[in-house]
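A structural walkthrough
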Amino acid sequence: MAGRSLLHKLSPTTKVVFLLTTSLLALEIQDPKLNGLLLVALLACAVYLRIPRRVSLIFIRSGIIVGIALSISWLFFSQVGQPLYHIWDGFYIYSLAIPLTLSMLFRLWALLTSTMVFVVITQESEFIAGLRKLKVPYVLCLVFALVLRFIPLLVEEYDMIREAQMARALELEKIPLIPRMKHFMAIIVPWLVISLKRVATLSAAIDSRGFQVTGGRKRTFFHEPRISVADSVVVVALIGLFVTVVVLRTWFGYFVIVPGRL
Amino acid sequence: MGFFSFSIKTRDIVIAALCGAVNAVLQIISTFFTPIPGLSVLYPPSGFGAATAVWFGVWGWIGAILGTLFAAPYWGYSLPVALMFGILTPMEVLIAALIRRKLDPTLKNKRSLVLFVGAVVVLGTFLDALMGMFVSIYVGYYTPTLAFTVAIWPWWLADAVAAFVIGIFLLRTLTPYVKKIGLYYDGFFARKLAEK
Amino acid sequence: MPIIHVEDVSFRYEGSERPALSNVSLDVNEGEILGILGPSEAGKTTLCMSLNGLIPHDIEGEFRGNIEIEGKNTRKNEPQTLATTIGMIFQEPESQFVMTTVEDEIAFGMENIGLTPREMEERLNWVLKVTHMEPYRKKPPRRLSGGQKQRVAIASALALRPKILVMDEPTSELDPLGKYEIITIAKELNREHKITIVLVEHETELAADIIDRLIVLNQGQIEFQGTPVELFGNIELMQKAGLFVPEVTEVARGLANSGFEISKLPITYAQGSSLLKALMKERGFGHG
């Protein structure tokens with residue numbers, strides 16, 4: 001997903017900071033107006049990036065389904081403020097439930113949008129470089145890189161095995177639960193065996209290329225993410241905003257509807 | 001011997017990463033069948049996580065954490081939320097890793113089977129659901145009432161069924177293979193011992 | 001001094017009863033291509049892993065004897081240290097990759113040994129050229145063909161500038177084109193870049209074309225050490241060792257038994273075709 005937008009060109013460190021601060025901001029704020037504002041800002045980024053449908057569909061799907069569950073949960077089941085509307089025997093919608101529901105909903109969507117933007121503007125290799133720049137120990141970076149590298153491969157192999165099984169008339173969707181579970185196991189056993197076999201070879205290959213887990217040589221890095229002026233501005237702005245919000249909330253009680261939790 | 005005398009080997013990293021990737025893919029697959037976290041009849045990552053904890057100890061547990069981190073976008077979690085869920089919820093995996101030395105890994109021994117079912121399938125997954133509720137409430141997905149009256153039960157059930165069906169199945173069928181290829185670990189942290 | 005010196009090496013895997021290697025001794029000179037042949041479970045992979053230190057450092061078991069790689073003893077030097085002298089390519093291409101682009105994959109090893117980004121860029125360009133993988137620099141290894149994947153694996157090992165490359169059945173999972181690519185690169189690396197190569201190969205015809213010397217391993221012991229001509233000409237020995245005789249050699253043998261005069265049994269296609277042409281010319285067929 002190589003792109004030319006300004007957001008793409010930011011240093012990966014900035015991108016990670018972006019993800020963290022926007023997520024934490026959304027979590028800190030309970031005020032629907034502000035969560036809504038954050039959501040609109042993030043959606044603006046998403047629109048600017050012209051995110052491919054393949055990616056946005058995943059997040060939109062989550063957004064709708066979890067959003068519905070969440071709205072029902074907060075609207076009908078939260079007991080904050082005064083009882084307002086009587087719906088059912090003993091069931092009321094409380095006065096603060098509506099703003100709270102909106103806030104939670106906007107928060108959910110803001111979190112999703114921020115993750116979506118991050119995933120689109122960050123390539124795998126620079127994500128690792130970004131983490132490393134943030135002083136994440138290299139061992140952890142390597143673990144992350146390996147997971148990122150394995151996931152698409154595993155998905156492919158899963159599909160391959162599933163199709164091979166389908167050729168032997170084992171279709172998963174149209175059959176009742178218990179046989180479906182059996183067929184699922186029929187897929188995951190070979191799937192896991194293939195992966196487990198890899199462990200020995202991969203460990204050997206990694207060691208054969210000089211990797212040392214601890215101590216010894218100092219490790220250097222091929223990608224040296226450059227920090228531009230834009231990066232510094234963005235990072236300072238985001239962190240500044242976050243700190244301001246935290247201070248305002250913690251010491252002055254802003255942005256809170258239900259105290260004591262996020 | 002014990003806690004502080006271990007050192008990480010490359011193989012440990014690879015196993016943790018592999019468990020993480022498998023866990024993440026299983027989570028992604030299950031989102032297509034269980035759109036709302038907790039609402040399903042079967043949650044395969046629990047079963048797989050428990051099995052890897054018995055085989056690989058702490059590395060299986062780390063795999064479970066990684067799995068949640070990398071499957072986060074599919075659930076609608078963002079990074080800090082994913083971290084909270086990832087570290088606090090896989091209790092059945094953690095418990096399985098802690099009691100693994102008291103178990104016969106193929107679970108053919110009746111006592112081992114009972115211990116596994118009690119500690120991991122029943123207790124572990126209950127704690128998983130409990131932690132899941134706490135995090136969900138804290139983050140704002142569920143209200144406390146909804147969480148403890150409605151949401152916790154399907155979550156527990158899905159995990160327990162998976163730990164029972166998939167976990168036991170994997171341990172019965174694949175343990176010999178894991179031992180054969182020399183990946184069976186000795187103890188929670190210690191160097192692996194290729195018992196054949 | 002030989003660049004690889006193996007002295008009376010035996011190894012038994014942990015939990016195994018039978019030793020995988022028994023009293024193996026051999027020397028490899030710099031600039032040679034050594035072939036290692038033998039049936040499966042003969043100990044070929046075990047020997048390879050002993051050469052770069054994976055045995056005894058990473059693999060549990062009982063290791064006896066001494067191996068010296070350019071004078072460095074493998075007991076005293078871990079694979080990570082030996083990596084700049086001896087590199088290794090494994091059988092399954094997909095199982096060797098750590099990163100998601102070819103460039104990062106090749107850089108991984110270089111980062112491990114602490115090169116500067118500029119040095120890395122230079123070496124990256126060099127190995128991409130040598131393995132003819134320049135257009136694929138930013139591509140994910142996952143999406144490449146088998147032969148291309150192995151070339152990336154070779155490039156990654158080569159980036160550490162080892163003097164020796166050990167290749168453990170690098171072509172067994174490849175299609176014919178891929179096999180040809182890898183053998184060609186091995187030959188180029190040896191002839192043009194003076195890299196010593198230890199090649200474990202099942203396909204005797206492929207191997208015959210490029211190896212200078214070879215050993216036959218069977219049940220952990222060396223059954224034969226010598227040149228390809230000595231081995232491939234000796235069909236009985238090959239069959240005893242469970243090896244496939246190159247087709248050309250069988251054909252020539254058949255011809256010899258039918259009365260044709262053949263002074264030297266061919267072992268490569270090129271030799272076979274020259275022989276046939278010569279025979280036909282003798283009998284007045286064809287235009288020479």
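Residues numbered from 1 in each chain as written. Chains lettered and ligands numbered in written order. Predicted model: local features only at pLDDT ≥ 70, side-chain atom pairs only at ≥ 80, totals over all residues. Heavy atoms only, no water.

**Brief notes about the overall build of chain B**
- Within chain B, the regular secondary structure consists of seven helices and zero strands.
- Traced from its N-terminal end to its C-terminal end, chain B shows the element sequence α-α-α-α-α-α-α.
- Here chain B, with 196 residues, has 66% of them falling under the buried criterion.
- For chain B, restricting intrachain contacts to residue pairs at least 6 apart in sequence, the fraction spanning at least 24 positions comes to 76%. (Helix = DSSP H or I, 4+ residues; strand = E, 2+ residues; numbered from the N terminus. Buried < 20%, exposed > 50% of the residue type's maximum accessible area, 1.4 Å probe, protein only. Contact = heavy atoms within 4.5 Å.)

**Considerations on the sheet that holds strand β4 (residues 61-69) of chain C**
- Read across the open sheet, the four strands follow the order β2-β1-β4-β5 (chain C); overall the sheet is antiparallel. Of all strands in the sheet, those bounded by a partner on one side alone are β2 (21-28) and β5 (72-73) of chain C. (Pairing = 2+ DSSP bridges.)

**Quick notes on the packing of aromatic side chains**
- Applying the stated criterion across every chain, the model contains 13 aromatic pairs over all chains.
- Taking 5.8 Å as the distance between ring centres and 75° as the angle between the ring planes, the aromatic pair formed by F118(A) and F127(A) counts as edge-to-face.
- The structure contains a cluster of three or more aromatic residues connected by ring pairs, namely Y138(A), F211(A), F221(A) and F108(C).
- Over the ring of Y138(A) we find R219(A), and its NZ or CZ is 3.6 Å from the ring centre.
- Over the ring of Y184(B) we find K179(B); its NZ or CZ atom is 5.0 Å from the centre of that ring. (Phe/Tyr/Trp six-rings, centres within 6.5 Å; stacked < 30°, edge-to-face > 60°. Lys NZ or Arg CZ within 6 Å of the ring centre and 35° of its normal.)

**Let's talk about the sheet that holds strand β3 (residues 33-37) of chain C**
Residue and element names in this part refer to chain C.
- The mixed open sheet is built from six strands, whose spatial order is β6-β7-β8-β3-β9-β10. Of all the strands in the sheet, the pair left with one neighbour each is β6 (86-89) and β10 (221-226). Strand-to-strand twist of the sheet, defined as the mean angle between neighbouring strand axes without regard to direction, takes the value 15°.
- Across five bridges, the pairing between strand β7 (residues 164-168) and strand β8 (residues 196-200) is parallel. Residue pairing across strands places V166 opposite V198, the latter belonging to β8.
- This element, helix α1 (residues 44-51), spans β3, β6, β7, β8 and β9 (213-218) of the sheet and lies at about 155° to β7.
- Against the sheet, helix α6 (residues 146-158) engages β6 and β7, with an angle of about 165° to β6. (Axes fitted to C-alpha atoms, helices over the stretch in contact; angles between N-to-C directions.)

**Side note on unusual backbone geometry**
- A cis amide bond links I55(C) with the next residue in sequence, P56(C), at an omega value of 10°.
- Relative to the helices and strands, P56(C) resides in helix α2 (residues 54-57).
- Phi is positive for L107(B), which is not a glycine, with a value near 60°.
- Position of L107(B) relative to the elements: it lies in the loop between α5 (91-99) and α6 (110-139).
- You can call L107(B) buried: its relative accessible area is 0%.
- A positive phi angle, close to 55°, is found at H132(C), a residue other than glycine.
- In this structure, H132(C) sits in the loop between α5 (117-130) and α6.

**Some remarks on the pairing of β4(C)**
Residue and element names in this part refer to chain C.
- Where strand β1 (residues 4-13) lies against β4, eight bridges are found, and the strand directions are antiparallel. Counted as the bridge partner of H5 is E68 from β4.
- Sheet analysis places β4 next to β5, joined by two bridges and oriented antiparallel. Note on β5: the bridge partner recorded for I69 is K72.
- Joining the antiparallel neighbours β4 and β5 is a turn of two residues, in which E70 adopts a positive phi near 50°.

**Digging into the interface of chain A and chain B**
- Each side of the interface is counted separately: chain A has 58 residues, and chain B has 57 residues.
- The contact between chain A and chain B buries some 5100 Å² in all, and 83% of this surface belongs to carbon and sulfur atoms.
- Taken together, the connections running from chain A to chain B amount to zero salt bridges.
- If you look at where chain A meets chain B, you find two residue pairs in polar contact (both at pLDDT 80 or more).
- Of all the secondary structure elements, the ones that give two or more residues to the side of chain A that touches chain B are α2 (12-28), α4 (53-77), α5 (97-121), α7 (138-166) and α8 (177-208) of chain A. (Buried area = accessible area lost by both parts, 1.4 Å probe. Salt bridge = Lys/Arg side-chain N within 4 Å of Asp/Glu carboxyl O. Polar contact = N/O pair within 3.5 Å; in protein donor to acceptor, adjacent residues only side chain to side chain.)

**Re the pattern of salt bridges**
Residues and elements named next belong to chain C.
- Overall, the coordinates contain 22 salt bridges over all chains when judged by the stated rule.
- Among the ionic pairs, R12 bridges to E62, the shortest N-O distance being 2.7 Å. Separated by 50 residues along the polypeptide, R12 in strand β1 and E62 in strand β4 bring together distant segments of the chain.
- Across the salt bridge formed by E103 and K138, the nearest N and O atoms sit 3.3 Å from each other. Here E103, found in helix α4 (residues 102-112), pairs with K138, found in the loop between α5 and α6; they are 35 residues apart in sequence, far enough to count as distant.
- Its relative accessible area of 4% is what places E103 among the buried residues.
- Owing to a relative accessible area of 59%, K138 belongs among the exposed residues under this scheme.
- Overlapping salt bridges bring together E103, E121, R137 and K138 as one network.

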